[in-house]
Every structure is written in structure tokens, then in C-alpha cells.
Amino acid sequence: QVHVVESGGGTVQAGGSLRLSCADPRVITSVFSSDTMAWYRQSPGNLRELVAVSTSGGGKDYADSVKGRFTISRDNARKRVYLQMNNLEPEDTGVYYCKISRRGSDYWGQGTQVTVSS
């Protein structure tokens, strides 16, 4: 069962931008608004790494490699979380995964591919 669905990946040139979306349509907004959201990424030669986190209280954190370039945001009414990625670099290439943490359980999306050329 796929609980979380990502979209928005693609191929861009270095310096370009992408906006990833993650949706969890199976929960009501009162539940979603209490969730912790996170974006991870993984390339074939690397471990899966945490990219960005958004807490229900408005806290945000980012990996050092993406600070100043990526922004995580959420729309609780629409039960979605976003990752705006600007000034992309080839090192950002990988499969990006959305993770929603809810009541002691983690729910993962299937991933969306991001490829940055040049």
C-alpha cells in the first residue's frame, strides 16, 4: 500500500529549479497538521540522506549541503508538503523520498527522480 505519493521530479540543468510535492490524501487535516514531514534523497553510490524536515510547530531544518537553496513548506489544508529546490547542482541528483511521521509510525513515498545535468 502506497500511503505517500511524491511528484515533481525531472531533469534540469545546473542552476535550475524544481518543486517537489508530496501528498497524503488518506488522512484528515487535523491529523496531517500534527505530522512531521521530511524529504530524503539517495543516489546509487550514497546512503539515503535527510534533506529537510518540517515539524507541526513550524520548525524547519536542512542538510548543510542544501541550506540556502532548498525550502520545505507545507499546506495542511491540502495535506501536502513541498520541497522547493533552487540553484540545483549535479550533486543534488538522486531519488527523492517523502517521509511522514505520524503517531509513532513512518510512511514513505515511492520516490521521484531528480537529475541535474552539467
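Our structure's up above, just so we're on the same page.
Report follows, based on the coordinates. (Residues numbered from 1 in each chain as written. Predicted model: local features only at pLDDT ≥ 70, side-chain atom pairs only at ≥ 80, totals over all residues. Heavy atoms only, no water.)

Let's talk about the side chain of Glu-6
By the element assignment, Glu-6 lies in strand 1 (residues 5–7). Buried charge without a salt bridge: Glu-6, with Arg-48 as the nearest opposite-charge side chain at an N-O distance of 7.7 Å. A polar contact is formed between the side chain of Glu-6 and the backbone nitrogen of Cys-98, at a distance of 2.7 Å. Of note is the side chain of Glu-6, whose polar atom sits 3.0 Å from the backbone nitrogen of Gln-110. Those residues in contact with Glu-6 that lie beyond four places of it in its chain are Ser-21, Cys-22, Trp-39, Tyr-96, Tyr-97, Cys-98, Gly-109, Gln-110, Gly-111 and Thr-112. (Helix = DSSP H or I, 4+ residues; strand = E, 2+ residues; numbered from the N terminus. Buried < 20%, exposed > 50% of the residue type's maximum accessible area, 1.4 Å probe, protein only. Lys, Arg positive; Asp, Glu negative; His and termini not counted. Salt bridge = Lys/Arg side-chain N within 4 Å of Asp/Glu carboxyl O. Polar contact = N/O pair within 3.5 Å; in protein donor to acceptor, adjacent residues only side chain to side chain. Contact = heavy atoms within 4.5 Å.)

Overview of the packing of aromatic side chains
Under the counting rule described, the total for this entry stands at two aromatic pairs. Seen from their ring centres, Tyr-40 and Trp-108 are 4.9 Å apart, and the 55 degrees between their planes marks the pair as tilted. Linking Tyr-40 in strand 4 (residues 36–42) with Trp-108 in strand 10 (residues 105–108), this pair joins segments that are 68 residues apart in sequence. For Tyr-40, a relative accessible area of 15% puts it in the buried group. Here Trp-108 falls in the partly exposed class, since its relative accessible area comes to 33%. Pairwise contacts between aromatic rings join Tyr-40, Tyr-97 and Trp-108 into one cluster. The residue whose ring lies beneath Arg-48 is Tyr-97, and the NZ or CZ to ring-centre distance is 3.8 Å. The ring of Trp-108 is capped by Arg-48, whose NZ or CZ atom sits 4.9 Å from the centre of that ring. (Phe/Tyr/Trp six-rings, centres within 6.5 Å; stacked < 30°, edge-to-face > 60°. Lys NZ or Arg CZ within 6 Å of the ring centre and 35° of its normal.)

With respect to the pattern of salt bridges
Within this structure, the stated rule accounts for nine salt bridges. The shortest N-O distance in the salt bridge between Arg-102 and Asp-35 comes to 2.6 Å. With Arg-102 in strand 9 (residues 94–102) and Asp-35 in the loop between helix 1 (29–32) and strand 4, this pair connects stretches of sequence that are 67 residues apart. Across the pair Asp-92 and Arg-69 runs a salt bridge, and its minimum N-O distance is 2.7 Å. In this pair, Asp-92 sits in the loop between strand 8 (80–85) and strand 9 while Arg-69 sits in the loop between strand 6 (60–62) and strand 7 (70–75), placing the two residues 23 residues apart along the sequence. Residue classification places Arg-69 among the buried residues on the basis of a relative accessible area of 9%.

These values are about where atoms sit, not about what they do.
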